[in-house]
Amino acid sequence: MSELVYLFASLADRHRDGVTSLDGMRLLSDTLHPLGVKITWIVSPQSARIAQTELTQWHGDFGDDIAIATPALTGSLDEKKEQMAATRDSIQKALPWADLTIAAWGHQDPQIVAVLEDLGFQGLWGFCWEQIEIDNITDRGCPWGFYFMDRDERLRPARHQGKPCRGVVGMEWTARDLLKSFHSGNPCIYSTDPNDVARGSICSWEDIEYWKGVADNYIQNTRYNDHVFLLQHQEAHESERSDLCQCYTVEDIRESVIMLDRFVRHLKNFPNLKMLTLQEAARLYRERYDKTPSSYMLWTDIPTPPPNPDYTWSMPTGPWPKTFLFYDCDTQMMFIENKVEPVCIRNYHRPWKREEYFAEPFIPRTKLVRNVRYHWDREIEIEVTSPKAMPFGLALWGDYSLYQLGDCPGLIEGKMLPHELLFLRYDLQEGKNVFHIQLRGK
């Protein structure tokens with residue numbers, strides 16, 4: 001059975017004068033542990049030592065795990081590896097039981113994959129799909145969810161070259177509303193971060209209807225994927241009001257944990273929900289897949305209250321058309337309802353450049369040549385003229401559930417989303433491309 005994998009991480013690395021965010025950690029523990037949530041605590045050597053007793057108890061009682069807050073790495077590749085190894089050794093000394101195979105943050109460093117691979121790490125948490133500049137993070141172009149990271153380009157999946165590529169798993173910071181994040185250009189407000197949706201006035205206290213809609217979209221996409229990963233995050237220091245953090249009022253903090261409680265209770269209504277730590281999810285992913293699997297996400301726009309204009313200045317709000325999103329090792333594509341060709345192609349064979357984000361500047365148009373229905377069969381011919389070779393896909397919107405794919409020369413993969421669309425993945429060559437699609441009745 002396909003699974004929705006829910007993960008909760010908490011950045012708990014801040015410290016000063018022998019104090020860390022223990023009040024915030026305890027509040028998150030008291031809120032989430034009774035609901036069966038395992039927390040992955042992201043710690044520094046100092047915060048690990050200060051919270052050693054609590055972290056050890058929560059690991060034993062609830063199955064919590066530890067991730068390493070990557071320090072600011074400097075110097076050569078070997079020097080960076082020495083710094084990362086020393087940080088891991090310090091945390092291991094404080095928490096000898098910890099399986100320290102997940103790193104967090106530091107993913108802006110172009111050498112980070114080489115550092116972590118060479119040290120035996122299995123995952124790197126902190127990627128922000130479609131994000132530009134916020135928190136000094138620009139990750140636009142990377143996949144959502146999980147993917148095996150390319151050693152030379154952190155934001156694209158490793159290419160499958162005839163052998164398993166079970167390297168470091170890139171992990172999202174906090175799950176986003178894929179439709180609104182893409183169309184609005186503001187993925188931070190449309191996320192599962194409680195403070196962001198509260199500041200944006202689209203969720204508040206017990207009113208989390210928008211979040212429920214996000215969860216429902218994720219769970220519905222388990223129809224088309226073996227695993228859908230929904231990561232959520234809340235900082236420990238933002239869950240308390242102390243000398244370490246004055247970002248939020250006491251009321252803001254109460255609101256955030258009420259929202260988290262309601263959200264997890266909604267998730268628990270789904271029978272195919274699995275709650276894991278980052279370590280457990282990385283092991284699952286590496287055992288199940290020998291390359292980054294294709295991801296198919298069909299997303300319906302979720303109604304929201306008018307967002308707070310002081311937090312969403314210069315942001316379009318929709319409503320937006322139903323959107324289909326896809327990625328594999330070579331590309332990421334977005335389609336809007338009833339449009340056959342994608343509205344965005346991120347080509348992972350292109351270099352990542354700012355203001356481009358792997359995107360193809362010109363997307364070829366499709367031309368319907370033939371669409372013939374027989375008694376139980378159907379033949380479709382589509383023509384595409386391209387100025388260059390590039391990954392491509394066709395979204396044939398409508399109900400094709402009476403058919404199965406027959407002979408389709410050049411097809412890389414096809415996916416039937418019953419009652420919604422038929423997706424066909426091709427590679428274009430320079431010049432005229434003619435695709436013959438045969439559908440056979442069931």
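Whatever comes next refers back to the structure up there.
First, a word on scope: everything that follows refers to the structure included in this document.

### Focus: the sheet that holds strand β22 (residues 431–441)
Judged by pairing direction, the sheet is antiparallel, and its 4 strands sit side by side in the order β16-β17-β22-β19 without closing on themselves. Since the sheet does not close on itself, it has two edges, and those belong to β16 (366–373) and β19 (403–405), each with one partner. Ignoring strand direction, the axes of neighbouring strands in this sheet form an average angle of 25 degrees. Looking at chain direction, β19 and β22 are connected through 3 bridges and run antiparallel. Across the sheet, residue Y403 finds its bridge partner in β22, namely G441.

### Focus on the packing of helix α1 (residues 22–32) against helix α9 (residues 250–267)
At a minimum axis distance of 10 Å, the contact between α1 and α9 shows a crossing angle of 30 degrees. Relative to α9, the element α1 lies roughly parallel. Of the two elements, α1 crosses α9, and the hand of that crossing is right-handed. Residue-level contacts link L27, L28, T31 and L32 of α1 to I253, V257, L260, D261 and V264 of α9. Taken together, the residues of the contact of α1 with α9 sort by class into 7 nonpolar, 1 polar and 1 charged.

### Digging into the packing of α1 against helix α3 (residues 52–62)
Helix-helix packing is described using two parameters, namely the angle between the two axes and the distance between the axes. Packing of α1 against α3 leaves a shortest axis separation of 11 Å and a crossing angle of 15 degrees. Taken as axis vectors, α1 and α3 run roughly parallel relative to one another. You can see that α1 and α3 cross each other, and the crossing is left-handed. Along its contact with α1, which presents L22, M25, R26 and S29, the element α3 presents E54, L55 and W58.

### Considerations on the pattern of salt bridges
One pass over the structure, following the stated rule, counts 32 salt bridges. R151 is the salt-bridge partner of D118, the closest N and O atoms lying 3.1 Å from each other. Highlighted residues: D118 in helix α5 (residues 112–118) and R151 in the loop between β8 (146–148) and β9 (169–172), separated in sequence by 33 residues. A salt bridge links E341 to K339, with the shortest nitrogen-to-oxygen separation between them at 3.1 Å. E341 sits in the buried class, given a relative accessible area of 4%. Ionic contacts of the salt-bridge type, sharing partners, join the residues D78, K81, E117, D118 and R151 into one network.

### Here we look at the environment of L179
By secondary structure assignment, the location of L179 is in helix α6 (residues 178–184). Between the C-alpha atom of L179 and that of A69, which follows or precedes it by 110 residues, the distance is 30 Å. The residues contacting L179, other than those within four sequence positions of it, are W299, T300, D301, W320, P321, K322 and T323.

### So, the nonpolar core
One finds Y6, W41 and Y218 to be the most contacted residues of the largest nonpolar core, which totals 81 residues. Apart from residues lying up to four places away in sequence, Y6 is in contact with V37, L230, Q232, F263, V264, L267, L273, K274, M275 and L276. F326, I363, L424 and I437 belong to the second largest nonpolar core, which has 31 residues in total.

### What to know about the packing of aromatic side chains
Tallied over the entire structure, the rule returns 25 aromatic pairs. A centroid spacing of 5.7 Å and a plane angle of 70 degrees characterise the contact between F127 and Y147, whose relative ring orientation is edge-to-face. With F127 in strand β7 (residues 123–127) and Y147 in strand β8, this residue pair connects regions lying 20 residues apart in the sequence. You can call F127 buried: its relative accessible area is 1%. Overall, Y147 belongs to the buried group, its relative accessible area being 0%. Through pairs of rings, three or more aromatic residues link up here, namely F146, F148, F229, Y285 and Y289. R140 extends its terminal NZ or CZ atom over the ring of Y357, reaching a point 5.7 Å from the ring centre.

What counts and how
- Residues numbered from 1 in each chain as written.
- Predicted model: local features only at pLDDT ≥ 70, side-chain atom pairs only at ≥ 80, totals over all residues.
- Heavy atoms only, no water.
- Pairing = 2+ DSSP bridges.
- Helix = DSSP H or I, 4+ residues; strand = E, 2+ residues; numbered from the N terminus.
- Axes fitted to C-alpha atoms, helices over the stretch in contact; angles between N-to-C directions.
- Parallel < 35°, antiparallel > 145°, perpendicular 65-115°, else oblique.
- Left-handed = near helix turned anticlockwise from the far one by under 90°.
- Contact = heavy atoms within 4.5 Å.
- Nonpolar A, V, L, I, M, F, W, Y, C, P; charged D, E, K, R; others polar.
- Salt bridge = Lys/Arg side-chain N within 4 Å of Asp/Glu carboxyl O.
- Buried < 20%, exposed > 50% of the residue type's maximum accessible area, 1.4 Å probe, protein only.
- Core = buried A, V, L, I, M, F, W, Y, C linked by side-chain atoms within 4.5 Å.
- Phe/Tyr/Trp six-rings, centres within 6.5 Å; stacked < 30°, edge-to-face > 60°.
- Lys NZ or Arg CZ within 6 Å of the ring centre and 35° of its normal.

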